[in-house]
Amino acid sequence: MKKRIFTPVGEKEVTRAIVSSFLKQFTEYVESDCIIVGGGPSGLMAGRELAKEGIKVLIVERNNYLGGGFWIGGYLMNKVTVRGPGEKVLEELDIPYEEATKGLYVADGPHACSKLIASCCDAGAKFANMTIFDDLILREENRVAGVVINWTPISALPREITCVDPVALESKLVIDATGHDACVVRKLEERGLIKTRGFGAMWVERSEDLVVEHTGEAHPGLIVTGMAVATTYGLPRMGPTFGAMLLSGKRAAEVAKKLLR
Ligand code: 48F
């Protein structure tokens, strides 16, 4: 008989391996230190910084892929830019880049994004993909204590066939890293607990500093990072430059570490 290349393992073993591995992780992450909603550059950066300190982090992402706007950068051209000192983070993540003009650096989107994702995974963060943030858990004095989630495809089905109740995950902290939509902060706004301002017109030189400076706890138990910061506080948008996303993610992790202590 011809010698086989692969080990003789059948369909049932494959299915069992997927289901049991998923269940093990899901059960473990029903409770965590920090849930990050949104797996774009700011969320991944925050997740990496927290997980590498041994903090239990789950990143909830509504898409099948991670990376948000970091893959394609500006104008569907697969190039991402950072202004100094953002290149220091590129170096830390071992992402090759070139200096375009003094203090402005360009990297390939796929290379930059895949390195950031890999670094976040290596640090120990876990992911719930195709999972959409639906609502918050609020406890005494409206402190944020976790998130309500559902499978993303549920939200795409017609209303009359989607009587599917969501489930909830508890965490000590939640980080809103959902980009311009600021979905988590907006849930608090729906309940009259916060007032968002909506992001302003583009002004790259102003916005990057302001986003990093405003990154922090927007409500007890809820930290806001990345472009969600601009939407929350009415700051100018910044366009296809990403240094502030990386530094904002780092700052969000610093704030989270202090609060968890
Ligand atoms: O949009 P996104 O990349 O946010 P970011 O980290 O970075 C912004 C930049 O990409 C760019 C910019 C500055 O350079 O202007 O836009 O602030 O990533 C946000 C992630 O959150 C996910 C979304 O799919 C994306 O991957 N997301 C958004 N809403 C939800 C969500 C939700 N309700 N549930 C789960 N994930």
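Treat the numbers as computed from the prediction; the structure is a model and nothing was measured. (Residues numbered from 1 in each chain as written. Predicted model: local features only at pLDDT ≥ 70, side-chain atom pairs only at ≥ 80, totals over all residues. Heavy atoms only, no water.)

Caption draft 1: Structural context of the site of the ligand. Around the ligand lies a shell of 27 residues, among which Ser-42, Glu-61, Gly-69, Met-227 and Thr-241 are the nearest. One of the side-chain N or O atoms of Asn-63 is found 3.3 Å from an oxygen atom in the ligand. Within the backbone of Gly-239, an N or O atom sits 3.2 Å from an oxygen atom of the ligand. Contact with the protein chains hides 91% of the accessible area of the ligand, taken as 730 Å² for the molecule alone. When residues of the shell around the ligand are assigned to their parent elements, the largest contribution, three residues, is made by strand β7 (residues 131-138). A per-class count over the shell around the ligand returns 11 nonpolar, 14 polar and two charged. (Near = heavy atom within 4 Å. Polar contact = N/O pair within 3.5 Å; in protein donor to acceptor, adjacent residues only side chain to side chain. Areas by Shrake-Rupley, 256 points an atom, 1.4 Å probe, with all protein chains shown as cover. Helix = DSSP H or I, 4+ residues; strand = E, 2+ residues; numbered from the N terminus. Nonpolar A, V, L, I, M, F, W, Y, C, P; charged D, E, K, R; others polar.)

Caption draft 2: Main features of unusual backbone geometry. The peptide bond linking Gly-84 to Pro-85 adopts the cis configuration, its omega dihedral lying at 5°. You can see Pro-85 is positioned in the loop between β3 (79-83) and α3 (86-92). At Asp-94, a residue that is not glycine, the phi angle is positive and equals roughly 60°. Relative to the assigned elements, Asp-94 resides in the loop between α3 and β4 (98-101). One non-glycine residue with positive phi stands out, namely Asn-142, at about 60°. With respect to the helices and strands, the residue Asn-142 is situated in the loop between β7 and β8 (144-151). When its relative accessible area of 31% is taken as the criterion, Asn-142 is described as partly exposed. (Buried < 20%, exposed > 50% of the residue type's maximum accessible area, 1.4 Å probe, protein only.)

Caption draft 3: Just the side chain of His-219, in detail. Checked against the element boundaries, His-219 lands in strand β10 (residues 216-219). Taking the relative accessible area as the measure of exposure, His-219 reaches 10% and is therefore buried. With sequence-adjacent residues up to four places away left out, His-219 is seen in contact with Asn-142, Val-144, Leu-188, Leu-193 and Ile-194. (Contact = heavy atoms within 4.5 Å.)

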